[in-house]
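Below, each chain spelled out in residue letters.
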Amino acid sequence: MALLHNAATHNTMATTINVMKTPILRIICIALLLLSTVPICAGNMHEATICHFEGDLMAGDVLDLEQGYRLAIDDIRKKSVMISIFDCDYEIVNTSISGDYTFAKEIDGIDYDILRMSITATGDDVAAIAIEQYADKDKSFDYPLIACISASIREGEREALKAGYGLEVTSVIDNNAILSLYKDDKIVKQEKLNGSDKERFIYARKVDGQYRTILIAKLDGISDGSVHLSELSQFEEPVDSDGDCDSSDKWNVKLARSTEFRYLLSTGVLAGMFALILVITRQMRR
């Protein structure tokens, strides 16, 4: 019986090897290999970070965010905070939070995180809030001028940014650094940060009543007179509604952002992949 079992096992393995040599399974293997190289055009679970806020808010305060979103603190209780989230003037969320909370939005069948926040009531009608906002791909938003880079800047040196901006390490004392943001050689923001607290340097402007982030950078640490930054992103300067804004040169950005273009790109990649499989199949039959 053992000999029969071993013989049957040997025959099964031989059959499997012979089947693997068939053109059909070769095509399947090639297809799987090509599929692994196809980019995911439908997008990720969240887009780029466009706003970061950490601070204390009181009941009645309203925080203007990017892309028309607003966060309102309705009430602060002992163990929870009542909030409302608005999309422009339309209230989309009204809930009680104690700890972490994520507001997600379904776009083309995929859930995208828009706001991730941590809210804790600290007493005396004050709530400690940390918010990370990601780009809503369903809304208009310009891609960053500088996207999430790392940089090390020595004391007294200035890192050139885009659109006339520059970030300078004005001084380093112990584990503290003073960062100065320049616009056309004029200081627009100066702040002292601690290298141990992983603090963020954030510069924003309010235009037409809307909070717009210009620069975000995370302080990773200070060593040997240098300030080490990560996740540094710079966004295009907002334009007042009365100002001139020529958008004729931004058609390619709008096209790349559109869902239709992404699906068209996916279709083109898949069509090219199957055409390659067809060519390989014909070559194997010859």
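Residues numbered from 1 in each chain as written. Predicted model: local features only at pLDDT ≥ 70, side-chain atom pairs only at ≥ 80, totals over all residues. Heavy atoms only, no water.

**Structural notes on the overall build of the protein chain**
Here comes step 1: Scanning the protein chain from terminus to terminus reveals four helices and 16 strands.
Here comes step 2: Expressed as a percentage of the 286 residues in the protein chain, the buried residues total 35%.
Here comes step 3: Taking all contacts inside the protein chain whose residues are at least 6 apart in sequence as the whole, residues at least 24 apart take part in 45%.
Here comes step 4: Surface accessibility of the protein chain: about 16900 Å² in total, with carbon and sulfur atoms responsible for 54%. (Helix = DSSP H or I, 4+ residues; strand = E, 2+ residues; numbered from the N terminus. Buried < 20%, exposed > 50% of the residue type's maximum accessible area, 1.4 Å probe, protein only. Contact = heavy atoms within 4.5 Å. Areas by Shrake-Rupley, 256 points an atom, 1.4 Å probe, with all protein chains shown as cover.)

**Re the pairing of strand E6 (residues 99-107)**
Here comes step 1: Note that E6 and strand E7 (residues 110-123) share nine bridges and pair antiparallel. If you follow Glu 106 over to E7, its bridge partner there is Asp 111.
Here comes step 2: Hairpin geometry of E6 and E7 is characterised by an intervening segment of two residues between the two adjacent antiparallel strands and by a positive phi of about 55 degrees at Asp 108. (Pairing = 2+ DSSP bridges.)

**Some thoughts on the sheet that holds strand E3 (residues 69-76)**
Here comes step 1: The strand order across the open sheet formed by four strands is E2-E3-E4-E5, and the pairing between neighbours is antiparallel. Where the open sheet ends on each side, the last strands, each with one partner, are strand E2 (62-64) and strand E5 (90-97). Along the sheet, successive strands turn relative to each other by an average axial angle of 20 degrees, direction set aside.
Here comes step 2: Two elements, E2 and E3, share three bridges in a ladder whose sense is antiparallel. Looking at E3, one finds that Leu 63 is bridged to Leu 71. (Axes fitted to C-alpha atoms, helices over the stretch in contact; angles between N-to-C directions.)

**Some thoughts on unusual backbone geometry**
Here comes step 1: Non-glycine residue Gln 67 carries a positive phi angle of around 55 degrees.
Here comes step 2: Note on placement: Gln 67 falls in the loop between E2 and E3.

**Topic: the confidence of the model for the protein chain**
Here comes step 1: Residues of the protein chain with pLDDT of at least 70 account for 73%, and the chain-wide mean is 77.
Here comes step 2: Low pLDDT, under 50, characterises residues 37-44; the predicted model gives this stretch 11 contacts beyond four residues in sequence or across chains. (pLDDT = per-residue confidence, 0-100.)

**Some remarks on the pattern of salt bridges**
Opposite charge on two side chains permits pairing when their charged atoms draw close.
Here comes step 1: All chains considered together, the criterion is met by 14 salt bridges.
Here comes step 2: Among the ionic pairs, Asp 138 bridges to Lys 105, the shortest N-O distance being 3.7 Å. With a gap of 33 residues between them, Asp 138 in the loop between strand E8 (126-134) and strand E9 (146-154) and Lys 105 in strand E6 connect regions that are remote in the sequence.
Here comes step 3: In this structure, Glu 132 engages Arg 200 in a salt bridge whose closest nitrogen and oxygen atoms are separated by 3.9 Å. Linking Glu 132 in strand E8 with Arg 200 in strand E14 (residues 200-207), this pair joins segments that are 68 residues apart in sequence. (Salt bridge = Lys/Arg side-chain N within 4 Å of Asp/Glu carboxyl O.)

**Looking at the packing of aromatic side chains**
Here comes step 1: As enumerated under the stated definition, the model contains two aromatic pairs in all.
Here comes step 2: Between Tyr 165 and Tyr 203, the ring centres sit 6.3 Å apart and the planes meet at 55 degrees, which makes this aromatic pair tilted. One end of the pair, Tyr 165, is in strand E11 (residues 165-173); the other, Tyr 203, is in strand E14, with 38 residues separating them in the sequence. Like Tyr 165, the residue Tyr 203 is buried in the burial classification.
Here comes step 3: Over the ring of Tyr 69 we find Lys 139, and its NZ or CZ is 5.3 Å from the ring centre.
Here comes step 4: The lysine or arginine in question, Lys 189, covers the ring of Phe 201, its NZ or CZ lying 5.3 Å from the ring centre. (Phe/Tyr/Trp six-rings, centres within 6.5 Å; stacked < 30°, edge-to-face > 60°. Lys NZ or Arg CZ within 6 Å of the ring centre and 35° of its normal.)

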